[in-house]
Structures are given as C-alpha cells and as structure tokens.
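As a plain string of letters, each chain reads:
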Amino acid sequence: MSEHYDPQTLQAKWQQRWEELDPFRAGEGATDDRPYKYMLDMFPYPSGDLHMGHGEVFAIGDVIARYWFQRGYNVLHPIGWDSFGLPAENAAIKRNAHPAEWTYANIETQATSFRRYGISFDWSRRLHTSDPDYYKWNQWLFNRFFERGLAYRKGGLVNWCPSDQTVLANEQVVAGRCERCGAEVVRRELTQWYFKITDYADRLLDDMAQVEAGWPDRVLAMQRNWIGRSTGADVAFAIEGRDEPVTVYTTRPDTLYGATFFVVAPDAALASEICTPDRREAFDAYRAEVAKLSDIERMSTEKEKTGVFLGVHAINPVNGERIPVWAADYVLSDYGHGAIMAVPAHDQRDLDFARKFGLPVRVVVHTGLADPGETGEATPGEGTLVNSGPLDGLSKVDAIAKIIEMLAAEGNGKAAVNYRLRDWLLSRQRFWGTPIPIIHCPDCGEVPVPDEQLPVTLPDLRGEALAPKGVSPLAAATDWVNVSCPKCDGPAKRDTDTMDTFVDSSWYFLRYCSPGYEGGPFDVEQVRKWGPVDQYVGGIEHAVLHLLYSRFFTKVLYDMGMVDFTEPFLRLLNQGQVINMGKAMSKSLGNGVDLGEQIDTYGVDAVRLTMIFAGPPEDDMDWADLSPGASLKFLGRALRVMTEAGAGTTSGVPVESGDLALRKVTHHTIDEVTKLVESQRFNVAVARMMELTSAARKTIDSGPGAGDPAVREAAEALAVMLSLVTPYTAEEGWHRLGHPAPVALAGWPTADPALLVQESVTCVVQVAGKVRDRLEVAPDISESDLQALALASDKVKGHLDGPPRKVIVRAPKLVNIVP
RNA sequence: GGGGUCGUAGUCCAAUGGCAGAGACACAGGUCUUAGGAACCUGACAGUGUGGGUUCGAAUCCCACCGACCUCACCA
C-alpha cells in the first residue's frame, strides 16, 4: 500500500477498473423499480480536444449525476457530439479532406479525454448528429413539420454572412455581426426555408411559468425579451389615392389624436407603391442609400434620423386629419405592418424625426412634464388625455380601452398583439449539415422525400468542392441533385441547402432515451419514462438560441402526441466561464490554460476539485486566483485519513463505541453536505468535507487515534461524499478502507438525527442590538425561561437603567433587550 | 437607452433578517528534518461600495447614487 499520493497512477488504475465495471449504465429492465432521473450536460462540438470550459461544465454536471447515483436513482447521464457544423468544413477545405475525417478524429480525442476525466456517462448511448442514422430523423421531423405547415419557404430580406457565405437565423446575428465568425452581416433578398416558431410565441412565453423555479432569472428574462410580446391595436389609415387602407400597429392607440405624420419602411413594397411620380427620384435615391448600409450602421442608435416625403397623405380615422406619409429606415419592414403612425410628443424616435424635418408636435397626454416640442424629450409616461375629443380627461389605460372600442365600432381597428420573435430561418448554403429532404418539381412544386427513402445522405464532396461560393456546395453535385419527382416521376431537383445545426440539437435529448431506435426519432415509451430532463447544465450563450428552439420542438412534438410534456428542461444551471488574469482566454492575449496540461500536472481530481471549490457554479472563475496545487494537497490529506483509518480499524466494529465528538462532526457534515449539494452550493459542500477531514486528522493525532471506529465512520462518509467531486481519490480511499469498487454506487450516507442534537447552544444576549453576554442553554429551552435567564445576567443589568421596554426572544439562540 | 446580475479581509469566497468568518490562497511564525521539501500546528488582517429608509435587530429587505459585468438595442 503506497503512502504516496500520485494522481496519475490512481487514474490509470481506476479508469481501467471502471471500464470493466461499467457502473453508470441507465437501467432499462422492467424489473428496475428505482425512480428515474435524467441529468444532461449540453453536448460538445468536436473542435479539437476538451478545454477548461468543458472541464467545468462536466465537473458540475457530474456532481449532480453522481449524487443521484449515490441516492439510488436510476440515472440517465448520456454523452454525444454535436458534430455537424462549419469548422469541420473549413478544416476540410484547408486540408483537401472530407469534413468527417476531422470531425470523427476530434470526437475520438474528446472521448478519450472524457474517459480520463472520469465523468459518470452511460457510454452505450453515445450519439453523433452527423451520423446518417441520426440526421435521418432530422429529415423525418422536417417532413412532419412540413405536413403541419410549420416548415415553409418564403422570399424576403435575410441575414447573410459574407464570410461564411450563408444565411443566418435572427438569433445568430449579434449586434449586426455573425455570431460565429464576427463578420458584418448584410441583408439579401432570398427564398429560404423557415420553421414557424411564431405560431408558438404565446406558448413559449406562457409555459415559462412551468420552469420559473428551476431556471435562472436572467435566462427567463432573455427569452421573454427575445419573444417580445407587446399589446396594442391595429389601426387602419386611408391613403389618398389608394383603394385599400393601410394598417399600422401601435402600443399607444390612446395617442392617436397626436399622430402628426405617418412613416413607412423604405424597403417595404408599400413605400414604392404609394410614392408619387414627383417624389420618385428622391425616394429611389434614399432607398438605394439605405440598402447600402450595413446592419451595424443602420441599427446604430446614435445615427441621425433620415427619410423622404413620399408625396401622399394618410387620413387619421378618428379626426379625418390629413397627415404626410414619409419613408424612413427607423421603421422596420418586418415588424408589425412595416408602417407606423408617428406621435412625436410621446415617442422619442418620432420626436427626433419630427424635429429634424420640421414636422408638428402635438401633446395629447398631459404628463406634467415640459412640452416635448420645446425640450426635445418625448413624454411617453402616464397622464391625462388632452386634445383628443372623446378621450379628453381619461387616463392612459382608460383611453386605450375606449379608443379600441371606438375603432372597432367604426371598423377602423382592433386590439392586437405583436411579437419581436421572427420565424426561424433554417436553410444554410453549406455542406456539413442535414440535407433538406425536399424535391423541387416543375409540375408538383415542393415535394417531401417520402419517409421510406430517408435518409437523404450527403454526396461525397471534399476539399475545394466545399469552398463557399454563395450557393450550397450540394448544388454542384449534379448526380445527387437530379432526381425524379416522387409524385409524378418527372425530372426534378433536390433542395441543395442544409439545415441549421440547431435543428440537430433541438431534440437530441430525446434520442438519448432510445439511441438505436429505428422506428422513429425516439421510442415514445422510453421518453415517457425518462423525460423531461431533470437537470440541464450548460453555457449561458444558449439562453435564447438552443433553449428556445428545443422548447419549440418539444411543444410541436407534444402536439403530435409524441411526448407528454411541454417543457424539455425542468431545471437549468448555467455555469460561469473559466477566465485567466481577468480576461477570457484567447490566443492573441496568450493567457490560455490547457485542460490537458493542468491534468498532467495536478491530476484529474485536483483540477475538478479546484473548479468545484472556486465558488458558486454560476459565477465566473479566474484561474489565476485559484490554486490546483492546494487542491492536490488537500486530496493528499484526505487520502491519508482514509488510508490510516483503513489500516487502523476493522470494518464491522460497533461504531457506537467510537469517539462521540468526531461522530457528531461526521453526522453534522453528512447532513450539511446533503443540503448543500441539493441546493447546488457545491463550493460550500467541499469546505464542509475539508472540515471533516481536519476533524478526523485531529482525532487520529491528538484524540483516540486511527483505531477508533469513529475515524472509520468519518473516512467512509468522506470517501462517498468526495466521490461526487474527486472520483479517483475517493475510489482509492474506499479501496484502502477495504471496500470493493465502485465507490460511486456505495450509497449516500445517512445522518443519525440523534447525533445532530446539541446538548447546549450558545445564546447571544443583546442590549439595543449589541452583544452583552453569552449564555449556554439547552436547545429546547422555553422562551420565558430564556428571557428570565437573560434578564438575570449581570452583564445585561449593567447596561440597563430600569425595566426594559421590550424583550425579543428567539429561543434558543438570541435575546434582544430594548432598554 | 431598456432589462438582468452583482459589490464582504491583500485574493477567491462563507454567513438566505439574529455573534460578520465556515473553507481556501497568499503572508508570518513554530514543531519535525543534515538540508530542501513534505507533514503537522499557530498567528495577523475587514465591519460588508456610498447615502437614506423599514425593523428590537440589516451584508441580507426597500429607495437613490457610484462602480463592475451580462444582455437586448430605432420592435412602433
């Protein structure tokens, strides 16, 4: 038995043993009556080896999974790879190879690292989204969405990344730049496939109530903001010289009498249609100028308002007033109806525009603030309606109700709801993704590839053939593209775009429940057992992307009767980032820390312990503030305690005869660690384990010694609790205590309530909030006894001049006397 | 500008209305050791960003301000 603590030796020894034992397989048998738990980490993208960020997420997830294993749950803790995506394609172009080569080599590298890292995965359920037997079901699901009218093709302005040469979803454009590569996104007119996520906007918003307790507030807030539901009214304005009225959406129908002009998005068809001949030249010039602007320039709030008069007037339906119609790019063509009524007095954007172009400002809500026309500050707040005919004197809320009623009676408007959320653009003009299973037939139109012909696999393209050229590389594979129409058998062509890889990750958690299933994307019965995911762990960067899409998929599958829940992830934990020296790690800063190197130096357990102990899991940790060396030192201490306990005691000696003081510490620690792990305060749980280690050390050195059964009890509890964080050290300690592997299934220790009871408690006696005395009292002392005892204290009397005004008693811990 | 999170020893963090300190880093000293290291022990260091308020009592709840970070950003 080696006294020396060498993490690398322990790792080699136990990793092999665990692979033989395979202790983390999720049970499937009908006889398995353990309760189910589903623990899921966001699956990795295979870009090279695991990094520090992976080290943290998976360490955190593993604490939770291993705790459930110890508690006797039937735990599903799967692993797989999100293996479609651009980096593989770029690597393939560079190396004149196939993206699969790079992808699957990286997967193997990561898998090897995961095994060394000791995560409690059920490896038998491993999946890769780039495998045809996975993406086949993306296509199958696409067909179902298509049948339900939830997948459709439309033309329109889309976000185009000039660097990646593909379109992007709204969610993938961050501040006007491509979320992946940072290039400035431009707008292009293209016909693309969309998922109709907007049909689910209300449910995506309302169902958040189900997860409110389990998700971080900020993620809920981000999703709410992203969906951006607003309520207001649609109002129809007649346009002079046009037969049909134009509808605008407004959240402030109460200010309708304050509308002094009308604005249309310059890129909307309406603007061009209603522009008069004498204004045509100015409008065309303006539209061209706007089209040249990048999203970044266009969206800048600093930017001065621009626009042109279109030569026509709109008629305000409530007072018949003629107001000029302008085109201006602060009005977006794809929100609401692409046109607005402008109320400059009560909307800052309208006011900025009005002041620039000398348009009138009319106050219709008296807010008590200075005239916006004078100050340049719009007054969007509450107030009393003025200059508004029948609305005069009403509050904002009452005026909104009344005007909607009036508009509805006249047929000029109605209450309306709008969303910031747009439909999910899912076509990508790239290769390494799931082919969209549609065949375009000149006679039959869009024809889905019949289910029995799925999967539509990717043609074998590599190297230069994958270079971005603005159309999908698949278009060049003529043999692949040209097919006969499934309906009429005539010549037809395959759709050459691939799906956004967020489709792949929108349902992978369901596939894990029955990974090899061939009868559908997942076995409905298995998902009924395991789903929904009890705990999901991953980065905040997916707060609106992946999480919103997965929630959408789950709701569609619910409507299809394939799942019996409407929210996929009951609890969500977003781990913080691992940074170094105050900044995110990056090559250019030269502050990168390599996970593999850290493990080589300190060992897996010390690295995992350092990450868990650094602070609350959702906080960022700065590696420069941390000390894996100290973690290693602690693990040495802990293992020594377990070793000495193993050598000095015999299993089975009645523990009741052991040192009472240590036993109390042990049981207290078990009780506390249990609560701390359940409330996900893992850093504090580790601190408690450190205390237990010190207490055991003390008992060995200056108490009854290593032979005391209480030392064994402490060491055994320590081994099991440590197994959540540092599995190798725990396993070795458990072994030295004479128990067979795996410690992971040893069972969580139970605190004996009798040992949690304290014989006496220190009661603090305060006078006017200041501590004046401490009393040792029984924990079950009555309030009146405690009050009498406190008032009898000489130290207290010294601070009292007469009878106290008030005495607050919180037995048994505190008495506060108000003089 | 809207929304969100957060400010506690030199540092990372505990303390979920009740004694500001559990744990750790770094620092200083000691025991042991030929020495170095390791191991073990001991010690010093803050009154909670600022200002109000609620309360018998506030790091904790409320308001304002300062500062940091995240997020959305002309969504009518």
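Residues numbered from 1 in each chain as written. Chains lettered and ligands numbered in written order. Predicted model: local features only at pLDDT ≥ 70, side-chain atom pairs only at ≥ 80, totals over all residues. Heavy atoms only, no water.

Caption draft 1: Structural detail: the confidence of the model for chain A. On average, residues of chain A carry a pLDDT of 91, and 98% of them reach 70 or more. Both scores are given for the predicted complex: the pTM is 0.94, the ipTM 0.93. (pLDDT = per-residue confidence, 0-100.)

Caption draft 2: The arrangement of the protein's contact with RNA strand B in detail. Near RNA strand B lie 50 residues; those nearest to it are T251, R349, R681, R774 and N816. Backbone atoms, meaning sugar plus phosphate, form 61% of the atoms of RNA strand B positioned within 4 Å of the protein. One of the side-chain nitrogen or oxygen atoms of S230 is found 2.9 Å away from a phosphate oxygen of RNA strand B. The contact in question runs from a sugar or linking oxygen of RNA strand B to an N or O atom on the side chain of E691, over 2.7 Å. Considering every element that reaches the surface near RNA strand B, the biggest residue donor is helix α22 (residues 682-702), with 7 residues. When its residues are assigned to classes, the surface near RNA strand B shows 22 nonpolar, 9 polar and 19 charged. (Near = heavy atom within 4 Å. Polar contact = N/O pair within 3.5 Å; in protein donor to acceptor, adjacent residues only side chain to side chain. Helix = DSSP H or I, 4+ residues; strand = E, 2+ residues; numbered from the N terminus. Nonpolar A, V, L, I, M, F, W, Y, C, P; charged D, E, K, R; others polar.)

Caption draft 3: Inspection of the packing of aromatic side chains at higher detail. According to the stated counting rule, one finds 45 aromatic pairs in the structure shown. Look at F43 and Y508: their rings are 3.7 Å apart centre to centre, the planes differ by 10°, and that puts the pair in the stacked class. With F43 in the loop between β1 (36-41) and α2 (52-70) and Y508 in helix α15 (residues 508-511), this pair connects stretches of sequence that are 465 residues apart. Taken as a pair, F43 and Y508 share a single burial class, namely buried. Seen in terms of ring centroids, Y134 and W507 are 4.5 Å apart; in terms of plane orientation they differ by 10°. Their pairing is stacked. (Phe/Tyr/Trp six-rings, centres within 6.5 Å; stacked < 30°, edge-to-face > 60°. Buried < 20%, exposed > 50% of the residue type's maximum accessible area, 1.4 Å probe, protein only.)

Caption draft 4: A look at the pairing of strand β3 (residues 78-81). Judged by which residues are buried, β3 turns out to be covered on both faces: P78 and G80 on one side and I79 and W81 on the other are all buried. In terms of strand pairing, β3 meets strand β4 (residues 122-128) through 3 bridges, oriented parallel. If you follow W81 over to β4, its bridge partner there is H128. (Pairing = 2+ DSSP bridges.)

Caption draft 5: Layout of the pattern of salt bridges. Taken as a whole and assessed by the stated rule, the structure comprises 44 salt bridges. For R17, the salt bridge goes to E20, with nearest N and O atoms at 2.9 Å. Note that R17 and E20 are positioned in helix α1 (residues 7-21) at a spacing of 3 residues, about one turn of the helix. Judged by its relative accessible area of 52%, E20 falls in the exposed class. Here the salt bridges share partners, and the residues they tie into one network are D207, R551, K555 and E567. (Salt bridge = Lys/Arg side-chain N within 4 Å of Asp/Glu carboxyl O.)

Caption draft 6: Region of the structure containing the UniProt feature "short sequence motif: 'HIGH' region" (unreviewed entry) in chain A. According to UniProt, the "short sequence motif: 'HIGH' region" (unreviewed entry) feature falls on residues 44-54. Within residues 44-54, the helical portion is 27% and the strand portion 0%, while the C-alpha atoms at the span's ends are 8 Å from each other. (UniProt positions renumbered as here; feature names shortened; annotations may be inferred.)

Caption draft 7: Examining the environment of R203 more closely. Tracing the backbone through its elements, the reader meets R203 in helix α6 (residues 201-206). Under the relative-accessibility criterion, R203 is labelled partly exposed at 28%. Taking C-alpha positions, R203 is 26 Å from G156, a pair spaced 47 residues apart along the chain. If near-sequence neighbours (up to four positions away) are discounted, R203 is found in contact with R551, K555, Y558 and D559. (Contact = heavy atoms within 4.5 Å.)

Caption draft 8: The arrangement of the sheet that holds strand β32 (residues 770-777) in detail. Across the sheet, which stays open at both edges, the 4 strands sit in the order β32-β31-β34-β33 with mixed pairing between neighbours. Both edges of this open sheet fall to β32 and β33 (806-810), since each of them pairs with a single strand only. Recorded for the sheet is a direction-independent mean angle of 15° between the axes of neighbouring strands. Of the pairings in the sheet, the one linking β33 to strand β34 (residues 814-818) comprises 5 bridges and is antiparallel in character. What sits directly across from I808, in β34, is N816. (Axes fitted to C-alpha atoms, helices over the stretch in contact; angles between N-to-C directions.)

Caption draft 9: Looking closely at helix α13 (residues 396-410). For α13, which comprises 15 residues, the first-to-last C-alpha distance of 21 Å matches the rise-based estimate of 21 Å (1.5 Å per residue) to within 8%. Looking at α13, one finds that the buried residues are K396, A399, I403, I404 and L407. End-on, the buried residues of α13 take up no more than an arc of 130°, which puts them together on one face. Exposed residues lying more than 90 degrees from the buried face of α13 are V397, E405 and A409. Turning to α13, the residues buried within the fold contact β10 (230-239), β17 (384-385) and β18 (413-418). Directly after α13, the chain includes G411, whose backbone phi takes a positive value near 75°. (Expected span 1.5 Å × (residues − 1). Arc of directions from axis to C-beta.)

Caption draft 10: Quick look at the environment of C178. Examined against the element boundaries, C178 turns out to sit in strand β8 (residues 177-178). Residue C178 is classed as buried on the basis of its relative accessible area of 3%. Residues C178 and L168 lie 10 residues apart in sequence; the distance between their C-alpha atoms is 7.7 Å. Beyond its immediate sequence surroundings of up to four residues, C178 is in contact with C161, D164, L168, Q172, A183 and V185.

Caption draft 11: Structural context of the packing of α1 against helix α24 (residues 727-736). Two elements in contact, α1 and α24, have axes separated by 10 Å at closest approach and are oriented at 85°. The orientation of α1 with respect to α24, classified from their angle, is roughly perpendicular. Mapping the contact onto sequence places L10, Q11, K13, W14, Q15 and W18 in α1 and P727, Y728, T729, E731, E732 and H735 in α24. Counted by class, the contact of α1 with α24 contains 5 nonpolar, 4 polar and 3 charged residues. (Parallel < 35°, antiparallel > 145°, perpendicular 65-115°, else oblique.)

Caption draft 12: Up close: the pairing of strand β27 (residues 569-574). Sheet topology note: the strand β26 (residues 533-538)/β27 ladder contains 5 bridges and is parallel. Of the residues in β27, the one forming a bridge with Q535 is R571. Each parallel crossover has a hand, and for β26 linked through helix α17 (residues 546-559) to β27 it is right-handed. (Right-handed = clockwise from strand over helix to strand, strands pointing away.)

Caption draft 13: Here's a closer look at the nonpolar core. Grouped together as the largest cluster of nonpolar side chains are 92 residues, with contacts concentrated most on F195, W424 and F552. If you look at the next biggest cluster of nonpolar residues, it comprises 84 residues, including V63, V75, A606 and I670. (Core = buried A, V, L, I, M, F, W, Y, C linked by side-chain atoms within 4.5 Å.)

Caption draft 14: Looking closely at the environment of Y38. Looking at the element boundaries, Y38 is found in strand β1. Sequence separation between Y38 and K529 is 491 residues, and the spatial gap between their C-alpha atoms is 9.8 Å. Those residues in contact with Y38, other than ones at most four positions away along the chain, are W68, L76, P78, F509, Y512, C513, W530, P532, V533, D534 and Q535. There is a polar contact of 2.7 Å between the side chain of Y38 and the backbone oxygen of F509.

Caption draft 15: Main features of helix α21 (residues 660-678). Its 19 residues give α21 an end-to-end C-alpha distance of 27 Å, which sits within 8% of 27 Å, the value for a rise of 1.5 Å per residue. If you check which residues of α21 are buried, you get L662, R663, T666, H667, T669, I670, V673, T674, L676 and V677. Residues of α21 that are buried make contact with α2, α22, α23 (709-722) and α25 (753-756).

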